Amino acid sequence: MNSKITCRNLSVAFSGENSRTRSVLDNINVTFPAGKMNIITGPIGAGKSTLLHTMAGLTRPTSGEVVVNDQAVSRWSGAHRDQWRRQAGIIFQHCHLLHELTVLENIMLPLIPLGHTVSHCRSQSIAALKQVALFHHAGRLANSLSGGERQKTAIARALVTQPHFIFADEPTAHMDAENSRQMMELLYHCTGRNAVVIVATHESILNRLPGPALCYRLENGALNHLTD
């Protein structure tokens, strides 16, 4: 059975100034299938990051649910919720690298809770580094990297476990056109092993995607499919 992730009547609201509630996501219903590139665009502040974080189990929905292969993962808590997160590879907009660790050590981190040996973690992480063309920076501290190099490190860290679900938040924002193309091709490659790949990014990238994609626009809390 192919994997998929579905939002059912998904809404997220946050408390704002003067205890007023601000709605970010409003009754979203959508299914993101495996084996396809799913692109979400929308203006700054539209809630793209919130949507990705909610699907990945980092934010609780105010109402509705996130369903993965007929299981409402957004209702899970404790160890079950941690188990869901370990199936997901998350590329954060601001990278969230541990700056006192080397590039290689940062990439090894997601493998450690899975019980692998150190040698396995190292070899898998080196392979991931080679995929993003950063093997020559393996021993550098993360805080010495450029913005684009940090994003590549974050991509390698998210992909090192070969996750079934990939959530990428502006993964190429600090890269030039060629590096951006290469990293998007790497994410496309993940759809070839039937992963669910969801990328939140700016609209200008739609004209230079390296392959076909299901495209959506998030605005005013609503997610709409963009027709070809």
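Here's what I pulled together on the structure shown here. Note that the structure is a prediction, hence the values are computed from the model and not measured.

**A short note on the overall build of the chain**
In terms of helices and strands, the chain carries six helices and 10 strands. Here the C-alpha radius of gyration of the chain, 17 Å, is about what a compact globule of 228 residues would show, namely 17 Å. Counting only C-alpha atoms and orienting by the principal axes, one finds that the chain spans roughly 45 × 45 × 40 Å. Here the chain, with 228 residues, has 48% of them falling under the buried criterion. Restricting to contacts in the chain with at least 6 residues of sequence separation, those with at least 24 account for 69%.

**With respect to the side chain of Glu170**
Along the chain, Glu170 falls in the loop between β7 (165-169) and α6 (177-191). The side chain of Glu170 is buried and forms no salt bridge, while Lys48, the nearest opposite charge, is found at 4.7 Å. Beyond its immediate stretch of four places on either side in the chain, Glu170 contacts Lys48, Gln93, Gln151, Ala200, Thr201 and His202.

**Some points on the pattern of salt bridges**
Any two side chains of opposite charge can pair, given that their charged atoms come close. Counting across every chain of the model gives six salt bridges. Two residues, Glu65 and Arg75, come together in a salt bridge whose shortest N-O distance is 2.6 Å. Note that Glu65 is positioned in strand β4 (residues 63-68) and Arg75 in the loop between β5 (71-72) and α2 (78-85), a separation of 10 residues in sequence. Its relative accessible area of 13% is what places Glu65 among the buried residues. For Arg140, the salt bridge goes to Glu149, with nearest N and O atoms at 3.7 Å.

**Some details on the packing of aromatic side chains**
As enumerated under the stated definition, the model contains two aromatic pairs in all. Here the aromatic rings of Trp84 and Phe165 are separated by 5.0 Å at their centres, their planes lie at 70°, and the arrangement is edge-to-face. Taken together, the residues Trp84 in helix α2 and Phe165 in strand β7 connect sequence positions 81 residues apart. The exposure class of Phe165 is buried, given its relative accessible area of 1%. It is Lys130 that lies over the ring of Phe135; its NZ or CZ is 5.2 Å from the centre.

**Overview of the sheet that holds β4**
Spatial ordering of the open sheet is given by β2-β1-β4-β5, a layout of four strands whose pairing is antiparallel. With partners counted over all chains shown, the strands left at the sheet margins are β2 (21-33) and β5, one partner each. Note: strand β1 (residues 4-15) against β4, five bridges, orientation antiparallel. Bridging across to β4, Ile5 finds its partner in Val68.

**Describing helix α4 (residues 118-131)**
Three or four residues apart is the spacing at which side chains of an α-helix point the same way, because the helix has 3.6 residues per turn. Between its first and last C-alpha, α4 extends 20 Å over 14 residues, near the 20 Å set by a 1.5 Å rise per residue. By the burial criterion, the buried members of α4 are Cys121, Ser125, Ile126, Ala128 and Leu129. What you see down the axis of α4 is that its buried residues fit within an arc of 160°, all on one side. Residues of α4 that are exposed and point over 90 degrees away from its buried face: Ser119 and Lys130. The elements touched by buried residues of α4 are α3 (103-108) and α5 (147-159).

**Here we look at a nonpolar patch on the surface**
On the surface, Leu98, Leu109 and Ile112 cluster together into a nonpolar patch covering about 240 Å² of accessible area. Structurally, the position occupied by Ile112 is in the loop between α3 and α4. What makes Ile112 exposed here is its relative accessible area of 51%.

**Examining the sheet that holds strand β6 (residues 88-91)**
One open sheet accounts for six strands, arranged β6-β7-β8-β3-β9-β10; its pairing is mixed. Each edge of the open sheet is held by one strand with a lone partner, namely β6 and β10 (222-225). When strand polarity is set aside, the average angle formed by the axes of neighbouring strands in this sheet is 20°. The pairing of β7 with strand β8 (residues 196-200) spans five bridges and is parallel. Paired with Phe165 across the two strands is Val196, which belongs to β8. Across the sheet, α6 lies against β3 (37-41), β6, β7 and β8, angled at about 130° from β3, the strand it touches most.

Scoring rules and cut-offs
Residues numbered from 1 in each chain as written. Predicted model: local features only at pLDDT ≥ 70, side-chain atom pairs only at ≥ 80, totals over all residues. Heavy atoms only, no water. Helix = DSSP H or I, 4+ residues; strand = E, 2+ residues; numbered from the N terminus. Rg over C-alpha atoms; globule rule 2.2 N^0.38 Å. Buried < 20%, exposed > 50% of the residue type's maximum accessible area, 1.4 Å probe, protein only. Contact = heavy atoms within 4.5 Å. Lys, Arg positive; Asp, Glu negative; His and termini not counted. Salt bridge = Lys/Arg side-chain N within 4 Å of Asp/Glu carboxyl O. Phe/Tyr/Trp six-rings, centres within 6.5 Å; stacked < 30°, edge-to-face > 60°. Lys NZ or Arg CZ within 6 Å of the ring centre and 35° of its normal. Pairing = 2+ DSSP bridges. Expected span 1.5 Å × (residues − 1). Arc of directions from axis to C-beta. Patch = residues over 30% accessible without salt bridge, like charges linked within 9 Å, V, L, I, M, F, W, Y side chains within 5 Å. Areas by Shrake-Rupley, 256 points an atom, 1.4 Å probe, with all protein chains shown as cover. Axes fitted to C-alpha atoms, helices over the stretch in contact; angles between N-to-C directions.

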